[in-house]
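Coordinate inspection notes
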Amino acid sequence: MNSMRTASITRDPGPVVLDGIRAPTLAALRSALAALGAEVMPIVADLSLGAWRSHQAACEFCIQLGLGSPLRAQPVPKATTTGAAPPSHGDLVGIRIDAESRGDRMLLDALDLATRVVAAAGDGPARTFLVFTPRYGLAWEAENSAFLRFLAQGLRGSAHRLLLVAAGPEDPILPAGLSADWGTAGDTAPAAASKSLLGLVPGIVEPDVAAALDAAPLRDAGLLLPLAGGCLLVAPECRRPPSQVSRLEYDKLARAARPFDWLEGYAQVCGNNFYVDPAFLSAAAKQRVAEGGTGIALRLLERAVACASSPMDQGVFLAQLQGQRITLLRYQELAAAPDPSPAIWPGLRAILLESKAWGLTMLNEAERARAYFLEARRLLEANRYNREYLYLLNISALNELKLGDAAGALALEQEIEATLAQQGRHDWHLEFINSVNLARLYRRSRHFDEAEVYYRRAFATTLGIRTENDTLYLNVYLARLHMERGWAAEAFIDWLRTALHWVSNSVPEALGGRLAGAILNRKLAPGEALPEAISAALLALLQESAQAAGRPAVQAALAGDFDTLPAPVFARSDRSAEDRPPQAAACAIGAPGWSILTADTPAPEQFRGPNYRRLRACLYALLQALAPVPELANRDAILVDDRLGHEMAQTRAELLDTCVRLAVPRMIFDGEVTELDAAARARLEDEAQVRLGSGVARVDFDGPAAVVTFKRYRPPLTLPAEESAILRLLQDRDSPVALAHLSQETPPDQVRRLVRALERARVLNLSIPENAHVPQRLVSNRL
């Protein structure tokens, strides 16, 4: 799924209230729809038997809207034994580190899918979207409730309707943030006695599934509702409680469902142990995780562990399960896992001991955890350079800290650092987490210089490829550090950058829990809206740091009534560029430590909440106090540019880079005005220094093609021959003009376009040198 598309749904922090209808039978559903005047075929998602497909509600809507399934269609291998080595724990930890930095993927994907559905519905005929709620005590999956919440807000004000459907006699239990006004009970005719396998399928039935399971009996009995795309809705009266269905029926379903791995996985979970293929369930779980269905993956893995045929196989599946529990912060379940068998491979046993100890550490049972950590270290210490061993030392250090031994924790982290320094290659994920932990330990002991060095070293692993969360993380860490050092002026600028990145964040709800805690200096309270809590905290921190910095103009701006002051929308420049002309930014404005761009076209509002609006109003007042120039007056939209995964421009030279890259015609930095017409920008671009991208780990040449490997996040990129030739010609500090002279076959204009394309792909960095010829500047009153 493309979770990075521009979101066009404005979200609110409060609960979403939906209309609900009761329909215990298909006849009752038809009657209810007729009463609502729903003339167009409804779009239906059926969660009555729970969700067994990742993002099931969204997928079923997309299929009926002709969008196809948004999930990756990869076959799950069929195997009756694992036949594979235990999973690389180090690789899994690295994946988790990157996942946390990207933000809550479930929310990002749910918003992306809701945006697609809203766009597909568009201004066409009024559509009725129906969602059958889970029955028989079955739980909601988080991705489905998030999707419905976003979709409801996206359809708000349109002719389309989103309705919940209750097929049981009781009011369904709805997830937090969703509620419903239920209508009167419909037809209560007794349930049909049909035992068709089709009635066991969780969700709507797609045409190929219907063909494989023989839909004729239910169709002939009038117990199927035709839907768009050839899909079918099974009548609610055909949905039996899973506890009343024979396991043999699920075994039959598993055999018939073999072309559909998600359906076979569901049937194997519910069927007899004898027919369960644990290796298949393990592979299916990996696929569900790749799609975002982590709750489903847990159920598949729990069944695989229970049905494993040998201690070794059971250990492999349990390691996979424990990894997912770590990702989902299921610490109670981690700690409750059985001790691994002494008969299994020592490396695998160490991973299982570590994961159990991890849960105990996070549950503040550090003394119990220590014994497990020590045994795991004993099993792995034969290869002290192995990344599994180094990650084990890392989590062990946290446990030592919880035991009150800060010196012991520091020694373990320093051992990791020394080992990494001896290795011939970089382990970027381990360098990141090791540096962050060293920074925290030095900060704890008030060795502030060392702490700052390690914070910056940690985030150097993301330079040029930073996520929105990475940029927030570094600024928050620096702000907290500078506050503790008593560096009030620096801390204020740090918090200003943090707040600017926050209000321009495309999906603030997806902020990671660790980062939220770093901003709030506490845990988020149950039921508390994260964007509202973060916004209130940042407003208070701006006020506190400005007071400490003793800046009268800033303090005056912070004394305003932010409920009544204007609050322009802040947006990221790269997102606004998707639906704006090239010169979206009219002026770049900045001073040492910060910068913004003004925009002439209003940006769509991403999130709407009182604290969030107050923070935007506060920032607008602050910007006008820091840069009292007419270009900032009466603005509806302000853009924040992170310089392609680096950081917003903090110096005059960096802001000049931004203006040339984004074709901004005017720059005001620290009161100094520079006019930049197209010719001036072209001259500066020709003088730009071209280097390999900050986020590139290495470049390998395979014939005419260059394969670029990034330090983090991005998969390897194979470049076409023309762009690969640029990398072959590249020398340190080369400019596009120099590259054009080096190339005998490619015209200079084409070289410039290729270089800029490679910059956008994060393969190259371009920067204006300090001694570049800059157009005549007009100096205004200095601030």
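To keep things clear, this report deals only with the structure shown in the data block. Just so you know, these numbers come straight off a predicted model, no measurement behind them. (Residues numbered from 1 in each chain as written. Predicted model: local features only at pLDDT ≥ 70, side-chain atom pairs only at ≥ 80, totals over all residues. Heavy atoms only, no water.)

1. As for the overall build of the protein
Our working definition: Elements are defined by DSSP. Helices are runs of H or I of four residues or more, strands are runs of E of two residues or more, and each kind is numbered from the N terminus. Computation of the radius of gyration draws on C-alpha atoms, with the globule rule given as 2.2 Å multiplied by the number of residues to the power 0.38. Any two residues having at least one pair of non-hydrogen atoms within 4.5 Å are treated as being in contact. Computed with a 1.4 Å probe, the accessible areas rest on the Shrake-Rupley method; for each residue, only the protein chains presented here act as cover. Here the positive residues are Lys and Arg and the negative ones are Asp and Glu; neither His nor the chain ends is included. Each charge is placed at NZ for Lys, CZ for Arg, CG for Asp and CD for Glu.
Of regular secondary structure, the protein possesses 31 helices and 19 strands. Expected size for 783 residues packed as a compact globule is a radius of gyration near 28 Å; at 29 Å, the protein falls within 12% of this value. Seen through its principal axes, the protein has C-alpha atoms that stretch 85 × 70 × 60 Å. Taking the intrachain contacts of the protein between residues at least 6 apart in sequence as the baseline, contacts between residues at least 24 apart amount to 71%. About 31,900 Å² of surface is accessible on the protein, with carbon and sulfur atoms providing 53% of the total. Side-chain charges in the protein split into 82 positive and 89 negative, and the spacing between the mean points of these groups amounts to 2 Å.

2. Examining the layout of surface pockets
Put simply, the rule is: Each cavity reported here is a set of points on a 1 Å grid over the protein atoms alone in which a 1.4 Å probe fits but cannot get out, each pocket an open set with protein on both sides within 12 Å along at least five of seven lines, and each lining residue one with an atom within 4 Å of a point. Grid points are joined across faces, edges and corners, and a volume is the space filled by probe spheres set on the points. Each residue is assigned to one class: nonpolar for Ala, Val, Leu, Ile, Met, Phe, Trp, Tyr, Cys and Pro, charged for Asp, Glu, Lys and Arg, and polar for all the others, Gly among them.
The computed volume of the second largest pocket comes to approximately 590 Å³. Around the second largest pocket, the lining is made up of 29 residues, and of these Leu463, Arg643, His646, Glu647 and Glu654 lie nearest the centre. When contributions to the lining of the second largest pocket are tallied by element, the ones reaching two or more residues are α20 (468-485), α27 (652-662), β14 (689-692), α31 (748-760) and β18 (764-767). Its residues assigned to classes, the lining of the second largest pocket comprises 10 nonpolar, eight polar and 11 charged.

3. Quick notes on the pairing of strand β9 (residues 585-591)
Here is the rule: A 1.4 Å probe rolled over the protein chains alone gives each residue an accessible area, and that area as a share of the maximum for its type sets the label: buried under 20%, exposed over 50%, partly exposed in between. In short, DSSP must find at least two bridges between two strands for them to pair.
The buried count for β9 comes to six of seven residues, which makes it a mostly enclosed element. Relative to strand β10 (residues 594-599), β9 runs antiparallel, the two being bridged by six bridges. Within the sheet, the bridge partner assigned to Gly590 lies in β10 and is Ser595. Between β9 and β10, which pair antiparallel one after the other, the connecting turn spans two residues, and Gly593 there sits at a positive phi close to 105 degrees. Summarising the sheet, β9 and strand β12 (residues 666-669) pair through three bridges and their orientation is parallel.

4. Describing helix α21 (residues 488-503)
Convention followed: Here a helix's expected span is defined as the number of its residues, less one, multiplied by 1.5 Å.
Taking 1.5 Å as the rise per residue, α21 with 16 residues should run 22 Å; its terminal C-alpha atoms sit 22 Å apart, in good agreement. The element α21 is extensively covered by neighbouring structure, given that 14 of its 16 residues are classed as buried.

5. Description of the pattern of salt bridges
Rules: Salt bridges are identified by distance alone: a Lys or Arg side-chain nitrogen within 4 Å of an Asp or Glu carboxyl oxygen.
This model, assessed by the stated rule, comprises 49 salt bridges. For Glu672, the salt bridge is made with Arg652, and the minimal N-O distance between the two is 3.3 Å. Highlighted residues: Glu672 in strand β13 (residues 672-675) and Arg652 in helix α27, separated in sequence by 20 residues. Residue class for Glu672 comes out buried when judged on its relative accessible area of 12%.

6. What about unusual backbone geometry?
For Asn521, which is not glycine, the phi torsion reads 65 degrees and is therefore positive. Counting through the fold element by element, Asn521 comes out in the loop between α22 (513-520) and α23 (530-549). For Leu644, which is not glycine, the phi torsion reads 55 degrees and is therefore positive. Structurally, Leu644 is set in the loop between β11 (637-640) and α27. Its relative accessible area of 14% is what places Leu644 among the buried residues.

7. Section: the sheet that holds strand β5 (residues 178-182)
Our working definition: Note on method: axes are straight lines fitted to C-alpha atoms, helices fitted across the in-contact stretch only, with angles between N-to-C directions ranging 0 to 180 degrees.
Reading across the sheet, the five strands line up as β2-β3-β4-β1-β5 and stay open at both edges, with parallel pairing between neighbours. Either end of the sheet is taken by a strand with one partner, and the two such strands are β2 (43-46) and β5. Geometrically, the sheet is characterised by an average inter-axis angle of 35 degrees between neighbouring strands, direction not taken into account. Each of β2, β3 (128-132) and β4 (161-166) touches helix α2 (residues 56-64); the most contacted strand, β2, lies at about 150 degrees to it. Helix-sheet contacts for helix α5 (residues 142-155) involve β1 (16-22), β3, β4 and β5, and the interaxial angle to β4 is about 140 degrees.

8. Looking at the pairing of β5
The two faces of β5 differ: Leu178, Ala180 and Trp182 on one face are buried, but Ser179 and Asp181 on the other face are not. Of the strand pairs in this sheet, β1 and β5 are connected by five bridges, and their pairing is parallel. What sits directly across from Gly20, in β5, is Trp182.

9. Let's talk about the sheet that holds strand β16 (residues 705-710)
Here we have three strands laid out as an open sheet, ordered β15-β16-β17, and antiparallel in their pairing. Strands at the two margins of the open sheet, each flanked by one partner only, are β15 (696-702) and β17 (717-719). Direction aside, neighbouring strands of the sheet carry axes that sit 25 degrees apart on average. Pairing of β16 with β17, which is carried by three bridges, proceeds in the antiparallel orientation. Within the sheet, the bridge partner assigned to Ala706 lies in β17 and is Leu719.

10. Points about the packing of α23 against helix α26 (residues 610-626)
What counts is decided by this rule: The labels follow the angle: roughly parallel below 35 degrees, roughly antiparallel above 145, roughly perpendicular from 65 to 115, and oblique for the rest. Note on convention: near helix rotated counterclockwise from far helix by under a right angle means a left-handed crossing. Clockwise means right-handed.
Two elements in contact, α23 and α26, have axes separated by 7 Å at closest approach and are oriented at 30 degrees. Viewed along their axes, α23 and α26 adopt a mutual orientation that is roughly parallel. With respect to the hand of their crossing, α23 and α26 are arranged in left-handed fashion. When α23 is examined against α26, the residues Glu532, Ser535, Ala536, Leu538, Leu539 and Leu542 are found in contact with a partner set consisting of Pro610, Asn611, Tyr612, Arg614, Leu615, Cys618, Leu619 and Leu622.

11. A short note on the environment of Leu225
Mapped onto the fold, Leu225 is located in strand β6 (residues 224-226). Residue Leu225 is classed as buried on the basis of its relative accessible area of 9%. On a C-alpha basis, the gap between Leu225 and Met648 in space is 54 Å, while along the polypeptide they are 423 residues apart.

12. A short note on the side chain of Ser506
In plain terms, the rule: The term polar contact refers here to a pair of N or O atoms within 3.5 Å; inside protein, the definition further demands a hydrogen-donor-capable atom paired with an acceptor-capable atom, and it admits residues adjacent in sequence only when both atoms are side-chain atoms.
Along the chain, Ser506 falls in the loop between α21 and α22. Reaching out from Ser506, the side chain makes a polar contact with the side chain of Glu468 at a distance of 2.8 Å.

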